[in-house]
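Residues per chain, in single letters:
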Amino acid sequence: MPNATEDPLAARILDTLIHRVGKDAKAARPHDWLAATILTVRDDIIDRWMASTREAHAAGAKRVYYLSLEFLIGRLLRDAIANLGRTPEVTAALASLGVDLAEIEEIEPDAALGNGGLGRLAACFMESLATLELPAYGYGIRYMNGMFRQRIDDGWQVELPETWLAHGNPWEFERRESAYFVGFGGDVAANEAGQVHWSPAEAVEAVAVDTPVVGWRGKRVNTLRLWTAVAFDPIRLDQFNAGDHEGALAGQVRAESLVRVLYPADSTAAGQELRLRQEYFFSSASIQDIVRRHVQYFGDIRTLPDKAAIQLNDTHPAVAVAELMRLLVDHHEIAFDAAWEITKATFGYTNHTLLPEALESWPLPLFERLLPRHMQIVYAINAKLLREARKVEGVDDRAIAAISLIDEGGERRVRMANLAFVGAHSVNGVAALHTELMKQTVFADLHRLYPTKINNKTNGITPRRWLFECNPGLTALIRDCIGDAFLDDASALSAFADHAGDAQVQERFDAVKRANKVALVDHLKGVMGLRLDPDALFDVQIKRIHEYKRQLLNILETVALYDQIRSHPERDWQPRVKLFAGKAASSYHNAKLIIKLANDVARRVNSDPSVGGLLKVAFVPNYNVSLAEKIIPAADLSEQISTAGMEASGTGNMKFALNGALTIGTLDGANIEIRDYVGADNIVIFGLTADEVAAKRGGGYEPRAVIEASRELAQAVNAVASGVFSPDDPNRYKDLMNGLYDHDWFMVAADFDAYAAAQRRVDGWWDDQPAWRAAAIRNVAGVGWFSSDRTIREYAEQIWGVM
Ligand code: 26Q
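For the structure given in this document, a descriptive report is provided here. (Residues numbered from 1 in each chain as written. Predicted model: local features only at pLDDT ≥ 70, side-chain atom pairs only at ≥ 80, totals over all residues. Heavy atoms only, no water.)

1. Considering the overall build of the protein
Looking only at helices and strands, the protein has 33 helices and 24 strands in total. Rg of the C-alpha trace for the protein: 27 Å, near the compact-globule value of 28 Å for 803 residues, within the 12% margin. Based on the C-alpha atoms only, the size of the protein along its principal axes is roughly 90 × 75 × 60 Å. Across the 803 residues that make up the protein, the buried fraction comes to 60%. For the protein, restricting intrachain contacts to residue pairs at least 6 apart in sequence, the fraction spanning at least 24 positions comes to 76%. (Helix = DSSP H or I, 4+ residues; strand = E, 2+ residues; numbered from the N terminus. Rg over C-alpha atoms; globule rule 2.2 N^0.38 Å. Buried < 20%, exposed > 50% of the residue type's maximum accessible area, 1.4 Å probe, protein only. Contact = heavy atoms within 4.5 Å.)

2. Section: the packing of aromatic side chains
Tallying each qualifying case throughout the model produces 25 aromatic pairs. Ring geometry for Tyr 349 versus Phe 443: centroids 6.3 Å apart, planes at 80°, classification edge-to-face. Of the two residues, Tyr 349 is situated in strand 13 (residues 347-350) and Phe 443 in the loop between helix 17 (432-440) and helix 18 (444-449); the sequence distance between them amounts to 94 residues. In this structure, Tyr 349 and Phe 443 share a single accessibility class: buried. Pairing Phe 421 with Tyr 450 gives two aromatic rings, centres 6.4 Å apart and planes at 45°, and the pair type is tilted. Of the two residues, Phe 421 is situated in helix 16 (residues 416-423) and Tyr 450 in the loop between helix 18 and strand 18 (454-456); the sequence distance between them amounts to 29 residues. Assessed through its relative accessible area of 0%, Phe 421 is described here as buried. Relative accessible area serves as the criterion here: at 23%, Tyr 450 is assigned to the partly exposed category. Grouping aromatic residues by their ring pairs yields a cluster made of Tyr 65, Tyr 137, Tyr 139, Tyr 180 and Trp 227. Over the aromatic face of Trp 466 sits the side chain of Lys 655, whose NZ or CZ is 4.4 Å from the ring centroid. Here the basic side chain of Arg 697 rests over the ring of Trp 745, its NZ or CZ set 3.8 Å away from the ring centre. (Phe/Tyr/Trp six-rings, centres within 6.5 Å; stacked < 30°, edge-to-face > 60°. Lys NZ or Arg CZ within 6 Å of the ring centre and 35° of its normal.)

3. Observations regarding the pairing of strand 22 (residues 637-640)
The alternating pattern of strand 22 places Leu 637 and Glu 639 on one face and Ser 638 and Gln 640 on the opposite face, and all of these are buried. Where strand 19 (residues 537-542) meets strand 22, two bridges bridge the pair, whose relative direction is parallel. Bridged to Val 540 within strand 22 is Ser 638. In terms of strand pairing, strand 22 meets strand 23 (residues 662-665) through four bridges, oriented parallel. (Pairing = 2+ DSSP bridges.)

4. Observations concerning the pattern of salt bridges
This model, assessed by the stated rule, comprises 68 salt bridges. The partner of Arg 398 in a salt bridge is Asp 445, with the nearest N and O atoms 2.8 Å apart. Placement of Arg 398 in helix 15 (residues 397-403) and of Asp 445 in helix 18 is noted, with a sequence separation of 47 residues between them. (Salt bridge = Lys/Arg side-chain N within 4 Å of Asp/Glu carboxyl O.)

5. Re the sheet that holds strand 11 (residues 221-230)
Pairing is mixed in the open sheet, where nine strands are placed in the order 7-10-11-4-1-12-13-17-18. Of all the strands in the sheet, the pair left with one neighbour each is strand 7 (173-184) and strand 18. The mean angle between the axes of side-by-side strands here comes to 25°, regardless of whether they run parallel or antiparallel. Where strand 12 (residues 308-313) meets strand 13, four bridges bridge the pair, whose relative direction is parallel. Note on strand 13: the bridge partner recorded for Ile 310 is Phe 347. Those strands touched by helix 11 (residues 319-331) are strand 1 (63-67), strand 12 and strand 13, and its axis lies near 170° from that of strand 13. (Axes fitted to C-alpha atoms, helices over the stretch in contact; angles between N-to-C directions.)

6. Digging into the state of the cysteines
Summed over all chains, the structure comprises zero disulfides. Unpaired in terms of disulfides, Cys 481 finds its nearest cysteine sulfur in Cys 470, a separation of 18 Å. (Disulfide = S-S within 2.5 Å.)

7. Focus: the packing of helix 20 (residues 472-482) against helix 21 (residues 503-528)
Interaxial distance between helix 20 and helix 21 falls to 9 Å at its minimum, and their mutual angle equals 165°. Between helix 20 and helix 21, the angle is such that the two are roughly antiparallel. Crossing angle aside, the handedness with which helix 20 passes helix 21 is right-handed. Residues Gly 473, Leu 474, Leu 477, Asp 480 and Cys 481 of helix 20 form the contact with helix 21, whose participating residues are Val 505, Arg 508, Phe 509 and Val 512. For the contact of helix 20 with helix 21, the class distribution of residues is six nonpolar, one polar and two charged. (Parallel < 35°, antiparallel > 145°, perpendicular 65-115°, else oblique. Left-handed = near helix turned anticlockwise from the far one by under 90°. Nonpolar A, V, L, I, M, F, W, Y, C, P; charged D, E, K, R; others polar.)

8. Here we look at the environment of Val 780
Checked against the element boundaries, Val 780 lands in helix 32 (residues 769-782). Separated by 280 residues in the primary sequence, Val 780 and Ala 500 place their C-alpha atoms 9.9 Å from one another. With residues up to four places along the chain from it excluded, the contact list for Val 780 reads Leu 474, Ile 478, Leu 493, Phe 496, Phe 509, Ala 657, Leu 658, Asn 659 and Gly 660.

9. Looking at the side chain of Ser 726
With respect to the helices and strands, the residue Ser 726 is situated in the loop between helix 29 (711-721) and helix 30 (734-742). Of the residues examined, Ser 726 reaches a relative accessible area of 0% and is grouped as buried. If near-sequence neighbours (up to four positions away) are discounted, Ser 726 is found in contact with Asp 600, Arg 732 and Tyr 733.

So yeah, pure geometry; function would need other evidence.
Below is the structure:
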């Protein structure tokens with residue numbers, strides 16, 4: 001063992017261990033080393049962090065504020081060290097102390113403050129903002145319990161509480177001085193001068209907790225500011241002394257409930273009061289913080305749009321539009337119309353879904369009871385909006401009803417998407433197709449009224465986490481082939497395509513992929529006792545479980561393949577491993593049933609000696625960012641098979657392609673643009689287009705006839721429906737299969753034959769390994785454009801005006 005005292009970094013880590021963690025090297029457990037390492041690295045980040053803040057202040061720079069109820073940042077240590085360019089140094093320092101960096105990285109908990117794509121996008125954006133040296137703050141909630149931990153018990157999903165803060169969080173700084181009053185309920189009064197005063201019935205204090213976000217090469221460090229909630233009078237001593245010990249703490253318990261848990265639904269708007277309270281709590285604290293900073297630095301609130309760009313990550317923070325209006329009108333005494341111009345010029349809104357059940361709207365009585373002043377402001381905005389709309393030629397009563405901020409059909413509700421749309425100067429979709437569908441469907445009438453507001457910003461992913469860090473082998477190969485330019489500009493990856501046909505490069509590519517697969521196989525053996533063949537084709541579908549993402553299509557095709565392999569064992573089958581992972585919203589019955597089906601099919605297939613190792617199926621529990629970082633570099637085939645028109649963009653699709661997996665996918669979301677960039681010859685596209693799906697849904701689609709016309713599909717559906725995979729409960733999948741016969745909303749039957757045929761094309765391709773590897777290399781080379789640096793540059797230039 002080298003001598004630690006000769007390595008200055010090792011000496012600092014040791015000193016931190018002793019003086020800040022309170023352990024000596026002999027007694028230290030891995031968690032203590034992790035804490036000591038993080039605290040030491042953090043100390044070095046702080047200098048850059050403060051310098052970044054000073055520079056932005058001195059330059060009077062415009063700041064970007066990204067408001068999101070989710071930041072799915074995952075583990076931070078590896079990312080921070082890599083972006084600082086200090087991985088070799090930290091590895092060596094720890095080694096001199098007898099500690100393995102990889103081992104302690106592995107015990108850092110995932111910060112799982114998000115459900116899926118939208119939350120991970122926010123995390124990639126934060127990293128790219130720092131990389132592009134843009135002064136930016138992310139604002140969100142510091143949930144005490146993030147996304148639930150998933151256990152699979154007898155094939156069923158079981159949700160367990162997630163406890164990322166159990167060992168403390170050495171990354172964060174609590175800022176007791178940055179605290180704001182957030183009120184709820186109560187009533188509103190106006191004086192003779194028309195001045196409005198809101199007296200909330202309750203209030204909590206929002207306290208800032210900051211985490212540094214390091215950009216690539218450590219150029220800039222930005223702040224992720226997450227709010228926690230504190231009761232004003234955390235313990236009522238009068239009550240306590242009177243013997244009411246629980247009542248004395250009730251305020252704190254009630255305040256904490258706001259930040260207790262992330263809502264684990266990504267595609268249905270829960271509509272619960274606590275969710276609206278969370279949304280207002282963090283929106284209000286964030287807007288107050290932004291306004292305070294602006295006034296402190298620039299004096300005049302009227303210049304806010306010149307110095308602040310606030311981006312709303314979906315409608316979850318849309319109440320911020322009304323909150324800014326309230327502060328401008330009630331606190332800064334700006335006239336309503338002038339305040340409205342300031343507000344619109346400040347906000348941008350990003351839409352992430354067209355699913356009607358995911359569009360947020362709040363029952364009017366609930367909104368009014370919780371936020372009486374905001375309700376008045378929403379009415380005032382609506383009156384202005386509808387007055388203007390009425391003046392426009394062709395706007396009839398139907399259009400007015402669609403544009404209104406209040407949904408009057410049935411129980412009256414406040415439409416958050418309409419509020420965000422009218423309160424923002426820019427409204428963007430997240431892939432080209434999605435943006436077009438926004439114009440044609442949900443926002444058709446608002447789009448006619450404001451034809452220049454809707455614009456597209458195709459999503460991206462950070463190549464630091466999703467290539468350099470998760471796949472160092474491939475990164476090294478690319479460097480050897482094309483040099484280092486791609487490290488700072490992902491579009492330079494295109495040069496890698498020149499090496500696609502080079503047999504030596506192909507061989508190295510294969511060696512890297514195989515090593516990644518072996519590492520995954522080892523990991524899965526450890527966590528679930530699974531034995532997989534690293535030479536099989538790894539076919540992967542990992543994402544939230546949802547009917548529109550069509551895990552069921554994949555499972556039914558797996559059943560059909562199983563059947564085929566048994567009926568025709570003599571054919572030249574290509575060994576396949578089918579991997580599934582993902583969480584289902586706790587209340588989503590069919591999604592949970594699909595998880596059980598995947599597990600039932602896996603049990604049956606994996607224990608059937610007649611498939612002879614040609615097919616293995618596994619559902620990997622507890623999908624999260626860290627698991628994705630292990631699975632994606634090991635994937636050969638990326639399943640992106642959503643019903644066309646339903647996946648806004650997808651970002652997993654980009655991560656797989658960047659790691660040299662081929663995509664099997666529909667013409668949905670960003671798949672379309674991925675095909676354009678990697679070339680139609682290097683991707684497997686199948687199935688109905690969005691237009692064709694819409695036409696079929698419009699009438700005349702008879703799924704029963706389609707199922708009966710496809711022997712393979714009929715057999716698979718019948719096998720599942722009749723309990724072949726669930727002998728313990730033969731009726732378990734009856735209703736699920738009947739759904740296919742009755743309506744098949746997600747077009748599983750309609751796309752089945754095309755999907756199965758596409759899978760057989762995949763088999764043929766895989767059989768020609770040189771052709772497969774060439775295509776895989778062209779995928780890596782083709783997707784540099786999907787770097788979140790490109791996406792953020794577009795937001796910066798076209799929406800925020802900061803570049
Ligand atoms: C809303 C109200 C109440 C409770 C929960 C929610 C809620 C929470 C999360 C609604 C939606 C979400 C998450 C949506 C999401 O992740 N959308 C995905 O966003 C990605 C980034 O743009 C896209 O790539 C995906 O296509 C899209 O599904």
